[in-house]
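So you can see what is in the structure, the chains are spelled out below.
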Amino acid sequence: MSSSNFVDYVKLNLRSGKGGAGSAHLLRTRGNPRGGPDGGDGGRGGHIILKGNAQLWTLLHLKYTKHLKAGDGGNGGNNRKTGASGRDVIIEVPLGTVVKDPETMEQEAEVTTDGEMVIILPGGRGGLGNDHFKSPTHQTPRYAQPGEAGIEAWKILELKILADVGLVGFPNAGKSTLLSVVSAAKPEIADYPFTTLRPNLGIVAYRDDRSFVMADIPGIIEGAAEGRGLGLRFLRHIERNSALLFMIPATSENIRKEFEILLNELEQYNPELIDKQRVLAITKCDLLDTEQLRKMKKRKFPEVPLVFISSHTGQGITELKDEIWKALHQPYF
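Quick caveat: nothing in here was measured; it's all calculated off a predicted structure.

Describe unusual backbone geometry, and please don't skip the residues or the numbers.
One non-glycine residue with positive phi stands out, namely N79, at about 60°. Structurally, N79 is set in the loop between β5 (67-69) and β6 (89-93). Overall, N79 belongs to the exposed group, its relative accessible area being 52%. Here the phi dihedral of M105 falls at roughly 60°; this positive angle occurs in a residue that is not glycine.

Provide a residue-level description of the sheet that holds strand β8 (residues 107-111), including the pertinent values.
If you trace the five strands from one edge of the open sheet to the other, you get β5-β1-β10-β7-β8, paired in mixed fashion. Only two strands of the sheet have a single neighbouring strand rather than two, namely β5 and β8. The sheet shows a mean angle of 30° between the axes of neighbouring strands, direction not considered.

So what about the confidence of the model for the chain? Which residues, and what values?
Do not read the predicted coordinates in detail wherever pLDDT is low. When the pLDDT values of the chain are averaged, the result is 85; 88% of them are 70 or greater. Across residues 189-196, where pLDDT falls below 50, the model places 20 contacts with residues more than four positions away in sequence or in other chains. Counting contacts from residues 223-231, a segment whose pLDDT is below 50, to residues more than four positions away or on other chains yields 21 contacts.

So what about the layout of surface pockets? Which residues, and what values?
A volume near 180 Å³ is recorded for the second largest pocket. Every residue lining the second largest pocket is listed: A54, L56, W57, P94, L95, L159, K160, I161, L162 and L201. Class assignment of the residues belonging to the lining of the second largest pocket gives a composition of nine nonpolar, no polar and one charged.

Can you explain the nonpolar core? Please cite residues and give values.
Within the largest apolar cluster, 47 residues are counted, with the highest numbers of intra-cluster contacts made by I91, L157 and F246. The element that contributes the greatest number of residues to this core is helix α3 (residues 255-269), accounting for six residues. When residues no more than four places from it in sequence are discounted, the contact partners of L157 are D8, Y9, V10, L12, L50, L59, L62, V93, T97, V98 and V99. Counting residues in each nonpolar core, the second largest holds 23 residues, with L179, V182, V307 and A327 among its members.

Hey, could you go over the side chain of S176 for me, with residue numbers and the actual values?
Within the secondary structure, S176 is located in helix α1 (residues 175-182). You can call S176 buried: its relative accessible area is 8%. A polar contact of 2.7 Å, which involves the side chain of S176, links it to the side chain of D216.

Hey, could you go over the sheet that holds strand β15 (residues 277-283) for me, with residue numbers and the actual values?
Ordered by their spatial adjacency, six strands build an open sheet running β12-β13-β11-β14-β15-β16, and the pairing between neighbours is mixed. Lying at the two open borders of the sheet, with one neighbouring strand each, are β12 (200-205) and β16 (306-308). Here the average twist between neighbouring strands, direction ignored, is 25°. Here three bridges tie strand β11 (residues 165-168) to strand β13 (residues 211-216), and the two strands are oriented parallel to one another. From the neighbouring strand, L167 faces β13, where its bridge partner is D216. Those strands touched by α3 are β11, β14 (243-249) and β15, and its axis lies near 140° from that of β14. On the sheet, helix α5 (residues 317-328) packs against β11, β12, β13, β14, β15 and β16 and is oriented at approximately 100° with respect to β13.

Residues and numbers for the side chain of S183, please.
Its place among the elements puts S183 in the loop between α1 and β12. Polar side-chain contacts of S183 include one of 2.7 Å to the backbone oxygen of L179. With sequence-adjacent residues up to four places away left out, S183 is seen in contact with G202, I203 and V204.

Account for the environment of S85, with residues named and values stated.
Its place among the elements puts S85 in the loop between β5 and β6. Distance in space between the C-alpha atoms of S85 and G43 is 4.5 Å, their sequence separation being 42 residues. Discounting chain neighbours no more than four positions away, the residues touching S85 are G43, R44 and G73.

Please provide a residue-by-residue account of the pattern of salt bridges, values included.
Following the criterion strictly, the structure yields 10 salt bridges and no others. With its nearest N and O atoms 3.0 Å apart, the salt bridge here joins D131 to K134. D131 sits in the buried class, given a relative accessible area of 18%. The partner of D208 in a salt bridge is R210, with the nearest N and O atoms 3.6 Å apart. With relative accessibility at 67%, the residue D208 sits in the exposed group. The class of R210 is partly exposed, set by a relative accessible area of 33%.

Conventions used here
- Residues numbered from 1 in each chain as written.
- Predicted model: local features only at pLDDT ≥ 70, side-chain atom pairs only at ≥ 80, totals over all residues.
- Heavy atoms only, no water.
- Helix = DSSP H or I, 4+ residues; strand = E, 2+ residues; numbered from the N terminus.
- Buried < 20%, exposed > 50% of the residue type's maximum accessible area, 1.4 Å probe, protein only.
- Pairing = 2+ DSSP bridges.
- Axes fitted to C-alpha atoms, helices over the stretch in contact; angles between N-to-C directions.
- pLDDT = per-residue confidence, 0-100.
- Contact = heavy atoms within 4.5 Å.
- 1 Å grid on protein atoms, 1.4 Å probe; cavity = no way out; pocket = protein on both sides within 12 Å on 5 of 7 lines; lining within 4 Å.
- Points joined across faces, edges and corners; volume = space filled by probe spheres on them.
- Nonpolar A, V, L, I, M, F, W, Y, C, P; charged D, E, K, R; others polar.
- Core = buried A, V, L, I, M, F, W, Y, C linked by side-chain atoms within 4.5 Å.
- Polar contact = N/O pair within 3.5 Å; in protein donor to acceptor, adjacent residues only side chain to side chain.
- Salt bridge = Lys/Arg side-chain N within 4 Å of Asp/Glu carboxyl O.

Pasting the structure below:
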């Protein structure tokens, strides 16, 4: 699917349905000319509901939708008949979708499991019919409640990729290449920065028919937490990953410094991100000869699980999977 089809942010105007009015009907029949109140209740207005769909991975289907309105509830009838409920609007979204208030940017709801349904705007309650208001001292009430108004509001739907491990690194660190090697994902790969303009997901096969989901997150640059480069657009996708795989090329002048910059950007965006399990992969080791690689391994590296890999030759890939699997099954720091 083309990169333009990956949509992870939409803003919608939503309106739940108005509740139906209660009936103020009085029973009048040939055999019972003074039967008293028998007005039924109004039906509730339609809800605006989010529903998780594991088959979706983007909000593309909502990109050109700006207004969604649920149906109004039906009015109550005679003989205590309740009005019909208004038509609900069910919005199917990918797992990991959150709802935010556009003014406060506070998170109001999230959908994380397939089939999960969350009411984000409830429909108005139906009004009570006059049958509810009769009493020994007031036997013929001629009034009923109106239906409750629906709610109209703008809401932001924001997708945060759900994956077991997220790839973190500067542009051209080899993230897309690794994903293409260890999974069936086919991300676009080229010899220039910011090749990846959208997250890519791949299922990585592991030992004994086990597997985990890997997410290739577009490259971070220094200052991303303040909005530089691709900035905040993709940092949020890292929030939902269980573990983080930091990737730094073997040709980097200062691996420790790059690692610290990446960690700092994550901490500036969300301090909780640095509590996730971490693995460090030194990539593109095929670009070094045997002596250069030997000297490289003598350097002082950050104190995290470390693997030297080459996606082109397959060096260290099995060991990398082992370290990721360990990280996924250990508690946070």
